[in-house]
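Each chain, letter by letter, is given below.
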Amino acid sequence: MLQICALQKKYGKQCAVDGLSFSFSSGIYGILGPNGAGKTTLLAMVIGAIAPDGGQILFNQLPIERNRDSFVSSVGYLPQNPIFYKDFRADEFLSYICELKDIPKAQRAGQIAEVLAEVNLTSAAKKKIGAYSGGMRQRLGIAQALLGYPKILIFDEPTAGLDPIERIRFRNTISRLSADRTIIIATHIVPDVEFIAQTVILMNQGKIVLSGSPAEINQQVQGKVWTLEVSYQDVDRFIGKYKISNIQLFDGRYTLRIVNDFAPAEYAQPAHPRLEEAYIYFTEAQANELIGL
Amino acid sequence: MNLLAFEFKKYLFKPYIIFLVLFCTLINLMGAYLSCAYYKQIYDHENFQKIYNRFLRGALTEEKINFVISETKRLQKLTADQTASRDYDPKTYTGNLYGDRFLFSLDIYPEVKYAVSYAYDNQRVVEKASDNIEFFAAKNNLYERRKNEQIVSIYRNRVIRDFYDLKGMKYFVFYDFSSLMILLLCVLIIAPVFIGEKETKMDQLTPSFKKGDVRLVWTKIIFTFTVVLFISLWFSVCDLIGFSVIAPLDGFNAPVFAMKVFQFTPLNIRLYQYILLGFALKTLGIGTLISLVLLASRVFDRITYVFGSSAGVILITYLAQFVAKASFPFYELINPALLIKNRYLFMNYTAQNIFDYPVQSVIVAVAANLTIIASVVALIILASRNVCLPKRQIYMEAKA
């Protein structure tokens, strides 16, 4: 359905997206990468906000610039940290999006009611966006992306600003919407995609470093995740030397999960890898990024 | 609602904008009142109006002309030796003979004389131009010959048949404060048109919509010029109503050259037509300046830069007109302020040499301003066609 071929984007000497190729069909895709990995630039090129320096984006086998109207009619997009128009009421804003998406007038009221219900904002439909919390605004962003029943949904850091309950609700909504759709979620928060994505794409420095199902990706770090108990005095020594995915205090002893090619200590035990450990291994991200700090 | 209606909702129908429009309207009307009050202090408005309405208004008959001449002579004679009484006399127009003499000698007589002798004075201009045609034909100076032919064609057979009190009209024509109000409001409304999309991050979203491409940009351009037209029309109508009440205005049907300041105007139209023409030119001039504000809104990422650059452009434009020459060299005709204060373009005949053809300065000024607007619009469209976002912005946000 959607293909990117040798896509490239440079900002001066810095290569934000470096010859990236991938094919998206139906299902949920999670693009994981640290800040500055090129996720937002990639998505901005896909939706046509910026022009690539090289490569092509194909929709139904045709370059999107030659197929723009058909492509944008099939896409719903949620940018990073949307603010929207503070003076607009939510229903007015969605009505404006309907106009921009060229949705037939007769269908607008019904679709607006539907998407507001989908994101649980029906009771706040007449409220001004300026009075919305960050989470409500994010949900409104999801609602506008759903207008027009697009076949492709693209979300850029969709859970930024959402509380844990809203994050769970978001994941459930996405899972519900995923039938017959292509959903692309770019994030640096691993749990956002860990349990719902059929395919995870790990990006770093503008390149895809690994892609596959979460199980396949976990398989790549099989035998590279270790667990060991250490005293308080030894914690700092391990932190400085290894990639730590988790530290847990229990009965005065610290349990560390370490991602490393070989056992960090003789008494370290091999552990079953998790997606965030694959993420750390391949992107060299820090543990605090994983929990969205 | 269509896209244009949503632009109105986003940038015009805001409580503070509505308040500012009303506030500026009030300030403008006060300005009009103060402007009239100042001029009315200079001459005896009340008594002039009495005599004008009773004896002079309308067709310039021999009877009216004789009345003005005989009254002026009579009053000069009665006050020549300064021995006439200065006490209040109910039989006089103003309260005493000296007041009557000043009114007739300094106000009524010169104005009636101007109207009566206009045809004769103007004929001398035509004769001089006719002589010039022969002279420049002999010298093979094609441009000057054509220019003088145009002068003859414009100025021949001019006559003022009716007498009107056009002082109010003069205050109206010379009133510029409303242009400042229009500019101020247009800058406030238009500056956020593109910046607002960046600040709300809607510029990252709109490219993903069917109508979010160049159609949205065109909507914003149309919105900009609609706002300029609407605000300009609103203040022009307020000026007209305000001056009609305060001044008051008379002689809408008189020729433009019936006003002494327009003695040598190249316009052969009525004053009401001149008001419409002046409105159109002023709107075009403001439209040119505001199109630059729109470009700044498209280019810059911060509203303060847009306001700063807008203020700079308007200031430079306004200062530039003070060094304008009477002959209007071409570089001055591109100044939108000249169209905003368009009366200066019509006080005398001025032309530009375009391939040996004399083209009136106003036409060149209009063409230059339309070219600026077209270029700015083209730049905005081009800037929006491929790249809808500042590239750096996406990268920096992703990095953050």
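Residues numbered from 1 in each chain as written. Chains lettered and ligands numbered in written order. Predicted model: local features only at pLDDT ≥ 70, side-chain atom pairs only at ≥ 80, totals over all residues. Heavy atoms only, no water.

Scanning chain A from N- to C-terminus turns up eleven helices and 14 strands. Taking 2.2 N^0.38 as the reference for a compact globule, 293 residues should give roughly 19 Å; the C-alpha atoms of chain A span a radius of gyration of 21 Å, in line with that estimate. Taking the principal axes of its C-alpha atoms as reference, chain A extends roughly 70 × 45 × 35 Å. Burial analysis of chain A (293 residues in total) assigns 56% to the buried set. For chain A, restricting intrachain contacts to residue pairs at least 6 apart in sequence, the fraction spanning at least 24 positions comes to 68%. Here chain A has roughly 12,500 Å² of accessible surface; of this, 49% comes from carbon and sulfur atoms. In chain A, which carries 30 positive and 29 negative side-chain charges, the distance between the mean positions of the two groups comes to 5 Å. (Helix = DSSP H or I, 4+ residues; strand = E, 2+ residues; numbered from the N terminus. Rg over C-alpha atoms; globule rule 2.2 N^0.38 Å. Buried < 20%, exposed > 50% of the residue type's maximum accessible area, 1.4 Å probe, protein only. Contact = heavy atoms within 4.5 Å. Areas by Shrake-Rupley, 256 points an atom, 1.4 Å probe, with all protein chains shown as cover. Lys, Arg positive; Asp, Glu negative; His and termini not counted. Charge placed at Lys NZ, Arg CZ, Asp CG, Glu CD.)

What follows is about the nonpolar core. Core analysis: the biggest nonpolar cluster contains 98 residues, and Ile108, Met169, Ile190, Phe223, Ile231, Phe243 and Ile290 of chain B have the highest contact counts within it. When residues in this core are grouped by element, the largest group, twelve residues, is from helix α12 (residues 271-299) of chain B. Not counting residues within four places of it along the chain, the set of residues in contact with Met169 of chain B comprises Leu249, Asp250, Gly251, Phe252, Met259, Leu271 and Ile275 of chain B. Ile28, Phe84, Val115 and Ile142 of chain A belong to the second-largest nonpolar core, a separate cluster that totals 89 residues. (Core = buried A, V, L, I, M, F, W, Y, C linked by side-chain atoms within 4.5 Å.)

A few words now on the packing of helix α4 (residues 62-79) of chain B against helix α5 (residues 97-138) of chain B. When two helices pack together, their arrangement is given by the angle between the helix axes and by the axis-to-axis distance. All names here are of chain B. Following both chains from N to C, one finds α4 and α5 inclined at 145 degrees, their axes separated by 9 Å at the closest point. Seen from above, α4 lies across α5 with left-handed handedness. Mapping the contact onto sequence places Ile65, Phe67, Val68, Ile69, Glu71, Thr72, Leu75, Gln76, Leu78 and Thr79 in α4 and Leu97, Tyr98, Asp100, Arg101, Phe104, Ser105, Ile108, Tyr109, Val112 and Val116 in α5. In terms of residue class, the contact of α4 with α5 is made up of 13 nonpolar, four polar and three charged. (Axes fitted to C-alpha atoms, helices over the stretch in contact; angles between N-to-C directions. Left-handed = near helix turned anticlockwise from the far one by under 90°. Nonpolar A, V, L, I, M, F, W, Y, C, P; charged D, E, K, R; others polar.)

Here we take up helix α1 (residues 3-11) of chain B. Summarising burial for α1 of chain B: seven of the nine residues are buried, a large majority. Of all the positions in α1 of chain B, only Leu3, Phe6, Glu7, Phe8, Lys9, Lys10 and Tyr11 of chain B are classed as buried. The elements touched by buried residues of α1 of chain B are α3 (90-101) of chain A together with α2 (15-42), α8 (177-190), α9 (192-199) and α11 (214-246) of chain B.

Attention now goes to the domain arrangement of chain A. All names here are of chain A. By the assigned domains, chain A splits into domain 1 (2-213) and domain 2 (219-291). Its C-alpha centre places domain 1 at a distance of 33 Å from the equivalent point of domain 2. Listed per partner, the contact involves 15 residues of domain 1 and ten residues of domain 2. Between domain 1 and domain 2, a total of about 1,100 Å² is buried, with carbon and sulfur atoms accounting for 69% of that surface. On the surface where domain 1 and domain 2 come into contact, there are two residue pairs in polar contact (both at pLDDT 80 or more). Going through the elements one at a time, α7 (191-194), β9 (199-204) and β10 (207-212) are the ones with two or more residues in the side of domain 1 that touches domain 2. Of the residues forming the side of domain 1 that touches domain 2, the biggest block, four residues, is contributed by β9. (Domains from an automatic or database assignment. Buried area = accessible area lost by both parts, 1.4 Å probe. Polar contact = N/O pair within 3.5 Å; in protein donor to acceptor, adjacent residues only side chain to side chain.)

Residues and elements named next belong to chain B. Packing of helix α3 (residues 45-56) against α4 brings their axes to within 11 Å, and their N-to-C directions diverge by 140 degrees. One finds that α3 runs oblique with respect to α4. Between α3 and α4, the contacting residues are Ile51, Phe55 and Leu56 on the first element and Lys64, Phe67 and Val68 on the second. (Parallel < 35°, antiparallel > 145°, perpendicular 65-115°, else oblique.)

Another point: the side chain of Gln263 of chain B. Residues and elements named next belong to chain B. Within the secondary structure layout, Gln263 lies in the loop between α11 and α12. The exposure class assigned to Gln263 is buried, which follows from its relative accessible area of 19%. Residues in contact with Gln263, not counting those within four places in the same chain, are Tyr114, Tyr118, Asp121, Arg158 and Phe257.

Before going further, it helps to examine the pairing of strand β4 (residues 357-360) of chain B. Residues and elements named next belong to chain B. Every second residue of β4 is oriented toward a common face, the buried set being Pro358 and Gln360 and the non-buried set Tyr357 and Val359. Note that strand β3 (residues 351-354) and β4 share four bridges and pair antiparallel. Each residue of the ladder has a partner; that of Asn353, found in β4, is Pro358. Linkage of β3 to β4, two consecutive antiparallel strands, is achieved through a turn of two residues, within which Phe355 is found at a positive phi near 50 degrees. (Pairing = 2+ DSSP bridges.)

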